[in-house]
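# Topology and contacts: notes
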Amino acid sequence: MRIAAVPGSPLSGQVSLPGDKSISHRAALFAALADGESQVDNFLVAGVTQVMLEALSELGVAWKLEGSHLIVQGRAMYGGGQTEAVVLNCGNSGTTMRLLAGAVSALGIPVVLDGSPGLRSRPMKRIVEPLRAMGVLIEASPQNTAPLVINARSPGEKLKPLDYDLPIASAQVKTCLLLAALGANGPTVLREPGPSRDHTERMLRAMNVDLTRRAGITDNNHFAEVHLAPPENHDLSPLSIKIPGDISSAAFLIVAALITPGSRITIQGVGLNPTRTGLLDALQTMGADIKVSNQRHSHGEPMGDLEINYQPLLGTQISGSLVVRMIDEMPIFAIAAAHAQGRTVVSQAGELRYKESDRISDLCRELRRLGVKVEEKPDGFIISGGEGVRGGVVDSHGDHRLAMALVVAGLIAQETVVVQNSEIVGESFPGFREVLVDLGGDIHNG
Ligand code: S3P
């Protein structure tokens with residue numbers, strides 16, 4: 001499939017978005033571990049969460065979707081007594097694979113975690129090594145990639161608690177280890193070198209797990225430390241939550257409005273967890289006009305409404321903890337940078353190479369094809385913006401966020417932007433195209 005986008009009228013209107021991807025993944029999986037029935041409103045029904053739900057079915061968990069309302073019966077994964085490994089297909093979703101690895105490790109259930117060729121090439125050593133240190137019997141390929149084989153433990157055998165410094169700020173790794181720590185025979189302490197998203201900590205606390213998180217900045221270095229004491233008998237309270245709209249999906253509309261002259265849009269009910277709002281901070285330093293109103297909490301997660309008005313932007317510099325707080329937003333941020341006057345420098349962002357595509361080299365290659373001046377660096381990129389986007393035919397590289405970012409680039413291009421292999425957009429933002437068209441975007445089949 002190909003999507004084509006061209007400049008059109010200003011964007012205007014008001015939208016609400018599907019639920020946050022990270023919170024949806026956690027809600028489905030944690031609910032399966034809880035003691036009773038959980039109710040989850042505004043669950044993200046999309047490719048990435050579908051693989052999580054299907055994996056839970058394979059593990060014997062009963063769940064039901066009524067539109068975007070998810071009902072999960074907890075505890076079904078327990079005491080299955082399986083000795084035969086069940087194969088769980090995680091599709092293209094690193095979150096599904098890494099989170100499931102932690103949960104099944106706690107329970108000692110034998111599984112094989114596998115996925116698409118893309119997922120098979122993503123790094124898994126980051127979870128394999130610490131899980132082994134906890135006593136998990138886990139095997140990976142010689143390159144430390146999937147398929148991952150997790151072997152059964154003897155019934156009742158607990159894992160060892162972990163005291164661990166994460167080498168990278170990764171919420172997927174942190175969550176994997178915290179879930180495994182639920183099955184340990186003592187408290188686990190994790191320290192991370194950056195403020196990775198803390199949805200797991202918030203949700204586990206809401207489920208009555210004894211967990212504390214301390215985070216701050218000392219000598220210009222960010223620190224975050226999480227303590228988790230496993231509950232007796234693995235007791236987690238069921239969830240009853242409404243998931244905020246996904247700020248990572250909102251990001252495409254925010255940038256679309258900021259770069260299309262005359263635009264003014266409102267996005268209601270967006271998640272505003274400070275570990276996720278790096279893009280808003282970055283855009284504001286570039287001169288963006290973004291107003292936050294109606295700030296509130298939904299079950300421990302901050303949220304609010306955003307009003308975005310078109311505004312000329314200036315280049316900026318992004319590094320350190322800001323990169324972590326906008327790690328999924330770099331492809332669309334690059335489009336804002338291409339539009340902004342002057343240089344934008346992104347550094348200390350090497351993790352981008354291990355996402356759904358290599359979000360440094362694939363992003364730079366596709367931007368260059370559109371006529372954007374961009375220089376690839378080992379740990380980021382430099383964009384000389386404000387010189388126009390020419391247009392042309394580009395490819396998604398099987399990456400939903402790269403595909404959506406390139407479609408948005410079409411809104412300011414001199415010629416049509418055609419994005420090949422764009423069916424992938426539904427992976428995390430179902431209705432992306434329809435929402436953009438409703439707001440006034442000129443987007444059609446390429
Ligand atoms: C996620 C964490 C991030 C992010 C991914 C979702 C999560 O990955 O890129 O899309 O839900 O925990 P890392 O934790 O590996 O940086």
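Since we're looking at a predicted model, the values are computed, not measured.

### Some details on the overall build of the protein
- Across its full length, the protein carries 14 helices and 24 strands.
- Taken against the 2.2 N^0.38 rule, which gives 22 Å for 446 residues, the C-alpha radius of gyration of the protein at 21 Å falls within 12% of a compact globule.
- Within the protein, the proportion of its 446 residues that are buried is 61%.
- In the protein, once contacts between residues fewer than 6 apart in sequence are set aside, the share between residues at least 24 apart is 76%.
- Summing over all exposed atoms, the protein offers an accessible surface of approximately 16000 Å²; the carbon and sulfur share of this is 48%.
- Of the side chains in the protein, 39 bear a positive and 47 a negative charge, and the two mean positions are spaced by 3 Å.

### Comments concerning empty space enclosed by the protein
- Taken as a whole, this structure holds three cavities of 30 Å³ or more when the rule is applied.
- Each pocket or cavity is described by its volume, and for the largest cavity that value is around 90 Å³.
- What lines the largest cavity is a set of 13 residues, and nearest its centre among them are Ile23, Met203, Ile241, His299 and Glu301.
- Counting residues per element, the lining of the largest cavity draws most heavily on helix H7 (residues 199–206), at four residues.
- Tallied by class, residues from the lining of the largest cavity come to seven nonpolar, three polar and three charged.
- The two domains that each donate at least three residues to the lining of the largest cavity are domain 1 (2–19 + 244–445) and domain 2 (21–231 + 238–242).
- Of the volumes computed, that of the second largest cavity is approximately 40 Å³.
- Taken together, Asp20, Ile23, His199, Pro244, Ile247, Gly271, Leu272, Asn273, Arg276, Glu301 and Pro302 make up the lining of the second largest cavity.

### A look at the sheet that holds strand E18 (residues 317–318)
- Strands sit in the order E18-E19-E21-E20 across an open sheet of four strands; the sheet is mixed. Single-partner strands in this sheet number two, and they are E18 and strand E20 (373–377).
- Sheet analysis places strand E19 (residues 342–346) next to strand E21 (residues 380–385), joined by five bridges and oriented antiparallel. Within the sheet, the bridge partner assigned to valine 346 lies in E21 and is phenylalanine 381.
- Across the sheet, helix H12 (residues 361–369) touches E20 and E21, and the angle it forms with E20 is around 160°.

### Things to note about H12
- For H12, every residue scored as buried is listed here: Ser361, Asp362, Leu363, Cys364, Glu366 and Leu367.
- Residues of H12 that are buried make contact with helix H11 (330–339), E20, E21, strand E22 (392–395) and helix H13 (400–409).
- In the segment just after H12, glycine 371 is the residue with positive phi, at about 90°.

### Here we look at the layout of surface pockets
- Here the largest pocket is characterised by a volume of approximately 600 Å³.
- If you trace the largest pocket, you find 37 residues lining it, with Ala169, Ser170, Val324, Ile327 and Glu351 closest to the centre.
- At the level of secondary structure, the elements contributing two or more residues to the lining of the largest pocket comprise helix H1 (21–33), helix H3 (94–107), helix H6 (171–181) and helix H10 (321–325).
- Broken down by class, the residue content of the lining of the largest pocket amounts to 12 nonpolar, 14 polar and 11 charged.

About the thresholds
Residues numbered from 1 in each chain as written. Predicted model: local features only at pLDDT ≥ 70, side-chain atom pairs only at ≥ 80, totals over all residues. Heavy atoms only, no water. Helix = DSSP H or I, 4+ residues; strand = E, 2+ residues; numbered from the N terminus. Rg over C-alpha atoms; globule rule 2.2 N^0.38 Å. Buried < 20%, exposed > 50% of the residue type's maximum accessible area, 1.4 Å probe, protein only. Contact = heavy atoms within 4.5 Å. Areas by Shrake-Rupley, 256 points an atom, 1.4 Å probe, with all protein chains shown as cover. Lys, Arg positive; Asp, Glu negative; His and termini not counted. Charge placed at Lys NZ, Arg CZ, Asp CG, Glu CD. 1 Å grid on protein atoms, 1.4 Å probe; cavity = no way out; pocket = protein on both sides within 12 Å on 5 of 7 lines; lining within 4 Å. Points joined across faces, edges and corners; volume = space filled by probe spheres on them. Nonpolar A, V, L, I, M, F, W, Y, C, P; charged D, E, K, R; others polar. Domains from an automatic or database assignment. Pairing = 2+ DSSP bridges. Axes fitted to C-alpha atoms, helices over the stretch in contact; angles between N-to-C directions.

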